[in-house]
Amino acid sequence: MTRRRDFLKGSVIAMAAAALPAGLAAERAKADVTPAPLDVIRNSDGRLEVFAVNGSDIYHKWQHTPNGAWSDWFNLGSPTGEAPNELKAARNSDGRLEIFMITTTPGNPVYHIWQSSGTSTGWSGWQSLGGGTSNLAVGTNADGRLEVFQATDNNSTVQHAWQQSGGGWSGWHDLGGFSGVYDLQVILAADNQQQLFVLANEGLFTTRQQPGTSTGWSGFATLDTPSTGVLENISVAMNSDGLLELFGVDDSQTVSHMFQHPGGAWDVWESMNGSTTMTVHPARNQDGRLEIFVGTSTGVWHNYQIWPGVISVADWSGWYNLSGPESVDPVVGTNADGRLEVFGGGLHSWQNRPNSDWSAWYPL
């Protein structure tokens, strides 16, 4: 049974109990480790794959078939013997997954590992991309080439490197300098140009890729910040109409959002009346509505657009408690049939139908 509680009024409304989809009940006893999920991505054939950390090693497991049962955990090892500070999953233009990570040691390079075949079991060894960073973002160009962004030089310089069309990677190139970068987010916008967001000591900034090039970027523009406090992290999603929406958590633990208007101008930040010490994780439902997830000490909460592309917080559902693991930062993926699925603390929960209610939590 899941319950809704309004963050401000404390009202409680019971929701429908959820059933376990056929084929997944037997999966609960398979895992011999319980890694903490760090990212989830969909393979080119629609199967979800989860990447997680246990000790210092990266593990992964995947759906055997789209929307279906899960494999055991498999160990991808670690390039340094250290636990990752950040891990990002991406998909190459030929469908192969690629994982990027940085460790907790300052100045350590970006490492990556990739599928060496069309299966989930064949992977390369870990290799260094160079650099030296404590912030990491991975984007995808319009032609499918991956691009990596980092903050280096004690978080004072934003750099990027990209896959070259003839194979291999470019070197690192500077994009701009700041007094202290502590979050990077990138998204492929509706016009097929990447847009990068930089959260630094002096504020929030954005830059856009110029058409047809990885080296040409606009200058950084300054964006508004919330009046409720200093932003600690950000995330970005695209609405069904192609307009971007930013979500953030500030030092008062307030969840806020800010959205684009047609033409590209940004509105001001608006509180979403929720609270977390972690990150907002957005996803888009099959019908186009955005849905966001946050971890708290009372479990995972979610909030969703009542209809696609709304702009005011009044047009969101309000916060619902999905219960589940406490004090974990969840990640969310989209199944081949459009159902969202949330992972955290070695557990997962999924929509029983696209755009619908949620299952109970089960061991992954």
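Residues numbered from 1 in each chain as written. Predicted model: local features only at pLDDT ≥ 70, side-chain atom pairs only at ≥ 80, totals over all residues. Heavy atoms only, no water.

S.K.: Is there a simple way to explain the side chain of Arg289 in this structure?
M.R.: Structurally, Arg289 can be placed in the loop between β23 (281-284) and β24 (290-296). A distance of 2.8 Å separates polar atoms of two side chains, one belonging to Arg289 and the other to Asp287. When residues no more than four places from it in sequence are discounted, the contact partners of Arg289 are Ala283, Arg284, Tyr304, Gln305, Ile306, Trp307, Pro308 and Asn355. (Helix = DSSP H or I, 4+ residues; strand = E, 2+ residues; numbered from the N terminus. Polar contact = N/O pair within 3.5 Å; in protein donor to acceptor, adjacent residues only side chain to side chain. Contact = heavy atoms within 4.5 Å.)

S.K.: Which parts of the structure should I look at to understand the packing of aromatic side chains?
M.R.: Aromatic ring pairs: the centre-centre distance and the angle between the two ring planes describe each pair. Per the stated rule, a full pass over the model turns up 12 aromatic pairs. Aromatic side chains Phe51 and Trp123 sit 5.8 Å apart centroid to centroid with 75° between the ring planes, which places their arrangement in the edge-to-face category. Separated by 72 residues along the polypeptide, Phe51 in strand β4 (residues 48-54) and Trp123 in the loop between β9 (110-114) and β10 (127-130) bring together distant segments of the chain. Note on accessibility: Phe51 and Trp123 belong to one class, buried. An aromatic cluster of at least three residues, connected via ring pairs, comprises Phe178, Phe205 and Phe220. (Phe/Tyr/Trp six-rings, centres within 6.5 Å; stacked < 30°, edge-to-face > 60°. Buried < 20%, exposed > 50% of the residue type's maximum accessible area, 1.4 Å probe, protein only.)

S.K.: Mind showing me how you'd approach the side chain of Asn239 here?
M.R.: Along the chain, Asn239 falls in the loop between β19 (231-238) and β20 (244-250). Note on Asn239: relative accessible area 4%, which makes it buried. Dropping the residues within four chain positions of it, Asn239 is found in contact with Leu244, Glu245, Arg284, Leu290, Gln305 and Gly309.

S.K.: Would you take a moment to explain the pairing of strand β8 (residues 97-103) for this structure?
M.R.: For a regular strand, side-chain orientation follows a simple rule: the groups alternate between the two sheet faces. Counted residue by residue, β8 has 7 buried out of 7 residues, so it is predominantly covered. On β8, burial covers both faces: Leu97, Ile99, Met101 and Thr103 on one face and Glu98, Phe100 and Ile102 on the other are all buried. The turn joining strand β7 (residues 84-91) and β8, which pair antiparallel and follow one another in sequence, is formed by 5 residues; a positive phi near 95° is taken by Gly95. Inspection of the sheet shows β8 paired to β9 by 4 bridges, in the antiparallel sense. What sits directly across from Ile99, in β9, is Ile113. Turn length for the β8-β9 hairpin, with the two strands adjacent in sequence and antiparallel, is 6 residues, and the turn residue Gly107 shows positive phi of about 85°. (Pairing = 2+ DSSP bridges.)

S.K.: Whenever I open this one, the layout of surface pockets confuses me. Can you help?
M.R.: Rolled over the atoms, a probe sized like a water molecule indicates the empty space that remains. Roughly 230 Å³ of volume is contained in the second largest pocket. Looking at the second largest pocket, it is lined by 14 residues, and the ones nearest its centre are Asn92, Arg96, Glu98, Gln163 and Gly168. The residue inventory of the lining of the second largest pocket, partitioned by class, reads 2 nonpolar, 8 polar and 4 charged. (1 Å grid on protein atoms, 1.4 Å probe; cavity = no way out; pocket = protein on both sides within 12 Å on 5 of 7 lines; lining within 4 Å. Points joined across faces, edges and corners; volume = space filled by probe spheres on them. Nonpolar A, V, L, I, M, F, W, Y, C, P; charged D, E, K, R; others polar.)

That is the geometry; function is a separate question.
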